[in-house]
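# Coordinate analysis (summary)
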Amino acid sequence: MSGKLHSVCAASIRAARLVVAAAAAAVMLAAGMPASASAAAAEKTVLVTAIVDHPALDAIRDGTRDELKAAGFEAGKNLRWEFQSAQGSAGTAAQIARKYVGENPDVIVAIATPSAQSLVAATKSIPIVYSGVADPIAAQLVKDWKPSGTNVTGLSHMLDLNRQIDIMKQVVPSVKKVGIVYNPGEVNSAVVVRQLKGLLEKQGIALIDVAAPRTVDVGPAAKSLIGKVDLIYSTTDNNVVSTYESLVKVCNDARIPLVASDTDSVKRGAIAAYGVNFYALGRATGKVVARILQGEKPGNIASSVSRDLALFVNPAAAQKQGVTLAPAFLKQADQVVH
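Note that this is a predicted model, so its numbers are computed, not measured. (Residues numbered from 1 in each chain as written. Predicted model: local features only at pLDDT ≥ 70, side-chain atom pairs only at ≥ 80, totals over all residues. Heavy atoms only, no water.)

Once that is clear, we can look at the layout of surface pockets. In this model, the largest pocket occupies a volume close to 320 Å³. Along the walls of the largest pocket sit 27 residues, with Ala134, His157, Asn188, Val192 and Thr236 positioned nearest its centre. At the level of secondary structure, the elements contributing two or more residues to the lining of the largest pocket comprise helix H3 (55–70), strand E4 (128–133), helix H6 (161–171) and helix H7 (187–202). Per-element accounting of the lining of the largest pocket gives the leading share, 5 residues, to H7. (1 Å grid on protein atoms, 1.4 Å probe; cavity = no way out; pocket = protein on both sides within 12 Å on 5 of 7 lines; lining within 4 Å. Points joined across faces, edges and corners; volume = space filled by probe spheres on them. Helix = DSSP H or I, 4+ residues; strand = E, 2+ residues; numbered from the N terminus.)

Next comes the structure, spelled out in structure tokens:
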């Protein structure tokens, strides 16, 4: 057989095999039997990004992944799952957003405000589910708490600031000056500082705020509050939480009581926090992602606020920071950290 004839015959055989394979796949699908080609087509892609790595945001990521598995979407089987951290850089967050949009996934999960803002600016069509955002309206992710009609939905961990003030007063009943370290470039942190200042003033308490636009600024900013405040309060500001030990060290050394809004921060040295269970927030986020993977449009799903709150208390931290906690306050705790 000549080389030319052999090539023609080989091509004909390959074409015939493709026809047979396609026909077989069609028959298997009609019979309700899985074919490898259909399995590949059924694989979903969920891309996840967070502005930085720290326990609260990591818990959201892990809870989302675990909930998707419970819903039948498992990484390595029928789900392509990818996570990237922006390592605290807004510029990197924007790069990740552009990369993710270019891959045209089924859903993008954006954890924390800066990552969510970068993604919302990058696409108006790919479904985005935000999580770990205190105020999505102030961050201009959605207009209100109703279904957005856009490609964006998600979950907030917005807290009742009056309840936060109540916790501060239970830790330090005589508090007159509260200090706070925050990144003014993080819109949700700026909103909390503004709102908290107004609420504290109504109770005759002053708020002294110090800017920490970078993680390396957190320790020095906290030191500048020594001798000026009765208590330091920390929000879920990502710069602060990602380097929380530097804040704790200042408070321990200067014996300044430290109260948080992030329960994971209590394990790291804050005296108390009444806040969201971030793993549970991740599981709730996973439920929303699963609904979209199953065919719902994100614009038809209203944004919501997590109400899975708990009071964590750390008596050892209180002792280091010069505070004696009332027995009645300890009894309120959902978890006492030892």
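Looking now at the nonpolar core. The biggest cluster of nonpolar side chains holds 48 residues, and the ones touching the most others in it are Val46, Leu57, Leu68, Val107 and Val289. Those residues in contact with Leu68, other than ones at most four positions away along the chain, are Val46, Phe73, Leu79, Trp81, Gly286, Val289, Ala290 and Leu293. (Core = buried A, V, L, I, M, F, W, Y, C linked by side-chain atoms within 4.5 Å. Buried < 20%, exposed > 50% of the residue type's maximum accessible area, 1.4 Å probe, protein only. Contact = heavy atoms within 4.5 Å.)

Our focus in this paragraph is the pairing of strand E2 (residues 79–85). One ladder, built from 7 bridges, connects strand E1 (residues 44–50) with E2; its direction is parallel. Pairing of Leu47 across the sheet is with Glu82, part of E2. With respect to chirality, the unit in which E1 leads through H3 into the neighbouring parallel E2 is right-handed. (Pairing = 2+ DSSP bridges. Right-handed = clockwise from strand over helix to strand, strands pointing away.)

Next up on the list: the sheet that holds strand E5 (residues 152–156). Strands sit in the order E2-E1-E3-E4-E5-E11 across an open sheet of 6 strands; the sheet is parallel. The sheet is open, and its two edges are formed by E2 and strand E11 (304–305), each paired on a single side.

Relative to each other, helix H4 (residues 90–103) and helix H5 (residues 113–122) sit at 45°, their axes nearing to 9 Å. Taken together, the axis directions place H4 and H5 in an arrangement best described as oblique. Considering the relative orientation of H4 and H5, their crossing is right-handed. Contact residues: H4 offers Ala90, Ala93, Ala94, Ala97 and Val101, while H5 offers Ser115, Ser118, Leu119 and Ala122. The residue inventory of the contact of H4 with H5, partitioned by class, reads 7 nonpolar, 2 polar and no charged. (Axes fitted to C-alpha atoms, helices over the stretch in contact; angles between N-to-C directions. Parallel < 35°, antiparallel > 145°, perpendicular 65-115°, else oblique. Left-handed = near helix turned anticlockwise from the far one by under 90°. Nonpolar A, V, L, I, M, F, W, Y, C, P; charged D, E, K, R; others polar.)

Another point: unusual backbone geometry. Residues other than glycine seldom take positive phi values, yet Asn104 does so here, at roughly 50°. For Asn104, the location among the structural elements is in the loop between H4 and strand E3 (107–111). Positioned with a positive phi, Gln140 is a non-glycine residue whose angle comes to about 60°. Its location among the elements puts Gln140 in the loop between E4 and E5.

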